[in-house]
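Notes for the structure review
This is what each chain is made of:
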Amino acid sequence: MSLNLQYEEIGKGFVQQYYSIFDDPANRANVVNFYSATDSFMTFEGHQIQGAPKILEKVQSLSFQKINRVITTVDSQPTFDGGVIINVLGRLQCDDDPPHAFSQLFVLKANAGTFFVAHDIFRLNIHNSA
């Protein structure tokens, strides 16, 4: 495969679609459709997960309902196998918690004319200043 020259549009479009589903409590479980049953990895706040069924378990275990998310920037790069790397920086507030900065990295892999999330790393940017 070769570089996907639409990587910027793919990255921004993916981020908009992913968070619109994730941030809606009634649709949140549908984010599992972005992942492969066996070939997707997620690291959520340091916790390693493999495969869509386990990722769905993690998503469904999250206790918050309301998310107020502000995306600061979306940076994307093409990969040599036709995929896209996406780095997201922003701020989110869950329910009545204080807002926190976050970062999330996605690696989209090409698969039969579409993409799936092969890698997903999420981290709140909380610094221990004590």
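Below or above, wherever it landed, is the structure these notes cover. (Residues numbered from 1 in each chain as written. Predicted model: local features only at pLDDT ≥ 70, side-chain atom pairs only at ≥ 80, totals over all residues. Heavy atoms only, no water.)

Side note on the environment of Phe 106
For Phe 106, the position within the fold is in strand β5 (residues 100-111). Since its relative accessible area comes to 0%, Phe 106 is described here as buried. Between the C-alpha atoms of Phe 106 and Met 42, which are 64 residues apart in sequence, the distance is 9.1 Å. (Helix = DSSP H or I, 4+ residues; strand = E, 2+ residues; numbered from the N terminus. Buried < 20%, exposed > 50% of the residue type's maximum accessible area, 1.4 Å probe, protein only.)

Some remarks on the pairing of strand β2 (residues 47-50)
The pairing of strand β1 (residues 41-44) with β2 spans 4 bridges and is classified as antiparallel. In the strand pairing of β2, Met 42 is matched with Ile 49. Linkage of β1 to β2, two consecutive antiparallel strands, is achieved through a turn of 2 residues, within which Glu 45 is found at a positive phi near 50°. (Pairing = 2+ DSSP bridges.)

Let's talk about the packing of aromatic side chains
Evaluation of the coordinates by the stated rule reveals 13 aromatic pairs. Each ring, one from Phe 44 and one from Phe 122, has its centre 5.0 Å from the other, and the planes form 15°; the classification is stacked. Of the two residues, Phe 44 sits in strand β1 while Phe 122 sits in strand β6 (residues 114-124), which places them 78 residues apart along the sequence. Each member of the pair, Phe 44 together with Phe 122, is buried. Taken together, the ring pairs in this structure connect Phe 14, Tyr 18, Tyr 19, Phe 22, Phe 34, Tyr 35, Phe 44, Phe 64, Phe 102, Phe 106 and Phe 122 into an aromatic cluster. Lying across the ring of Phe 22, Arg 28 places its NZ or CZ 5.4 Å from the centre. Seen from the ring of Phe 102, Arg 69 lies directly overhead, with NZ or CZ sitting 5.1 Å from the centre. (Phe/Tyr/Trp six-rings, centres within 6.5 Å; stacked < 30°, edge-to-face > 60°. Lys NZ or Arg CZ within 6 Å of the ring centre and 35° of its normal.)

Let's talk about a nonpolar patch on the surface
On the surface, a nonpolar cluster with roughly 380 Å² of combined accessible area is contributed by Leu 3, Leu 5 and Phe 80. With respect to the secondary-structure elements, Leu 3 resides in the segment before α1 (7-22). The class for Leu 3 is partly exposed, based on a relative accessible area of 37%. (Patch = residues over 30% accessible without salt bridge, like charges linked within 9 Å, V, L, I, M, F, W, Y side chains within 5 Å. Areas by Shrake-Rupley, 256 points an atom, 1.4 Å probe, with all protein chains shown as cover. Salt bridge = Lys/Arg side-chain N within 4 Å of Asp/Glu carboxyl O.)

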